[in-house]
Amino acid sequence: MASPASSASDQVLVEANGSTRTLILNRPRQLNALSSAMVTGLLRCFNSYEEENAVKLLIVKGKGRAFCAGGDVAEVAQSVNNDTWKYGADFFRTEFLLNYIIATYSKPQVSLLTGIVMGGGAGVSIHGRFRVATENTVFAMPETALGLFPDIGASYFLSRLPGFYGEYVGLTGARLDGAEMLACGLATHFVHLNRMSLLEESLKKMDTSDPFEICGIIDQFSQQPSIKESSTLNRLEIINKCFSKRTVEEIVSALEQEAASATDEWVTAAIRSLRKASPTSLKISLASIREGRLQTVGECLRREYRMVCHVMRGDFSRDFFEGCRAILVDKDRNPKWMPPSLDQVHDGVVEKYFSKVDDPQWEDLNLPARRFQGRRIVPKL
């Protein structure tokens, strides 16, 4: 073990093998949810290894049965409640900077996506060069059920999925398996679980930053799995028809029309998820993904930082704190959203989430100039 992160925390372990560094997310009991110390440690590692000529390849993986279940939002919410919204703003500022560094990184990163990959876990992997899914991978962006929105630059990669699949995934929090991740472009490769350790050993023996050589090694272990008959990717035509609508209300209405004429389980599941989610979250999430279609990854992260600061301050809604209470703390799973319905969340309020925060101590997310400008999402449908 050799780690620039070790002074901050044992929550990020680093294994050195020749010119490869393996970053291991090490909070298995918390499903490797990203704490403030982990985010800081990861950022230190990425910055350090980019400057170090002896390091040519980074591998990121999780310890235990999850890659990473997201940012530790319960920790954030508790700290904001006990202290000040600026704690939350600082957490997300550092996390979004990490996401940006990963998205624009000059050296290849291979993320081994075993188990759960959600929220902040997607932020430290999907922006990287290679994302290897497997048969036990479970991907989701479940933020709207928590009173938040798909952040960590998700408006960049969700908006680049086929058709309007990103709107579907981002608004409903739908879970995707490894084959679906590969098909829609969230993963670059699919490797069976029993070959993942062999792939990792082969990568550790490499002495190159050439992405074509690294891709060639991963290809040797890769499969092209078939998506299940029940997969929502086989319903892309209907998803595009419904989720291309201008407003959340129109999306729900289109889905209800589909439910009335067919008995497809995914439609009722989508409607159920949208009805359970925070109305404010749904509206700002849709607006965010639509904006993301025309923005760079840096522009997406800057805008999402404004949005998350408004959420932390509770400027227009306290749904994030209510969602954390209902889902993560009391676990009654019965959040009382305010406003409680979509028609009470007006367009003017949604627009305010994209504005600068009215506080003399607040400033926009300042991102460094970088040579690379974000990854392409390449579907394999």
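If you're wondering where the values come from, they're calculated on a predicted model, not measured in any experiment. (Residues numbered from 1 in each chain as written. Predicted model: local features only at pLDDT ≥ 70, side-chain atom pairs only at ≥ 80, totals over all residues. Heavy atoms only, no water.)

Undergrad: How should the side chain of arginine 21 be read in this particular structure?
TA: Locating arginine 21 in the fold gives a position in strand β2 (residues 20–25). Despite its burial, arginine 21 pairs with no opposite charge; the closest candidate is glutamate 52, at 4.1 Å N-O. Apart from residues lying up to four places away in sequence, arginine 21 is in contact with Val14, Glu15, Ala16, Tyr49, Glu52, Val55, Leu57, Leu58 and Ile59. (Helix = DSSP H or I, 4+ residues; strand = E, 2+ residues; numbered from the N terminus. Buried < 20%, exposed > 50% of the residue type's maximum accessible area, 1.4 Å probe, protein only. Lys, Arg positive; Asp, Glu negative; His and termini not counted. Salt bridge = Lys/Arg side-chain N within 4 Å of Asp/Glu carboxyl O. Contact = heavy atoms within 4.5 Å.)

Undergrad: Would you mind going over helix α6 (residues 165–172) with me for this structure?
TA: Taken across its eight residues, α6 has eight buried, putting it largely inside the fold. For α6, the full list of buried residues reads Tyr165, Gly166, Glu167, Tyr168, Val169, Gly170, Leu171 and Thr172. Just downstream of α6 lies glycine 173, where phi reads positive at about 70 degrees.

Undergrad: Would you mind showing me how to read the sheet that holds strand β4 (residues 66–68) here?
TA: Hydrogen bonding along the main chain pairs the strands of a sheet, whether they run parallel or antiparallel. Spatially, β4-β6-β8-β9 is the arrangement adopted by the four strands of the open sheet, whose pairing is mixed. Each end of this open sheet is capped by a strand with a single partner; those strands are β4 and β9 (176–177). (Pairing = 2+ DSSP bridges.)

Undergrad: Got a minute to help me understand the sheet that holds strand β10 (residues 189–190) in this structure?
TA: Taken in spatial order, the six strands line up as β1-β2-β3-β5-β7-β10 in an open sheet, and their pairing is mixed. Both outer strands of the open sheet, β1 (12–17) and β10, are each paired with one neighbouring strand and no more. The sheet contact formed by strand β5 (residues 109–113) and strand β7 (residues 130–133) spans four bridges and is parallel. Its bridge partner being in β7, leucine 113 is matched across the sheet by alanine 133. Strands β1, β2, β3 (57–62) and β5 of the sheet are contacted by helix α1 (residues 36–51), whose axis makes an angle of about 175 degrees with β2. (Axes fitted to C-alpha atoms, helices over the stretch in contact; angles between N-to-C directions.)

Undergrad: What should I look at first to understand unusual backbone geometry in this one?
TA: Phi is mostly negative for residues that are not glycine, and the peptide bonds are mostly trans. The omega torsion across methionine 338 and proline 339 is -5 degrees, close enough to zero to call that bond cis. Looking at the element boundaries, proline 339 is found in the loop between α15 (319–329) and α16 (347–352). At asparagine 32, a residue that is not glycine, the phi angle is positive and equals roughly 60 degrees. With respect to the helices and strands, asparagine 32 occurs in the loop between β2 and α1. Under the relative-accessibility criterion, asparagine 32 is labelled buried at 0%.

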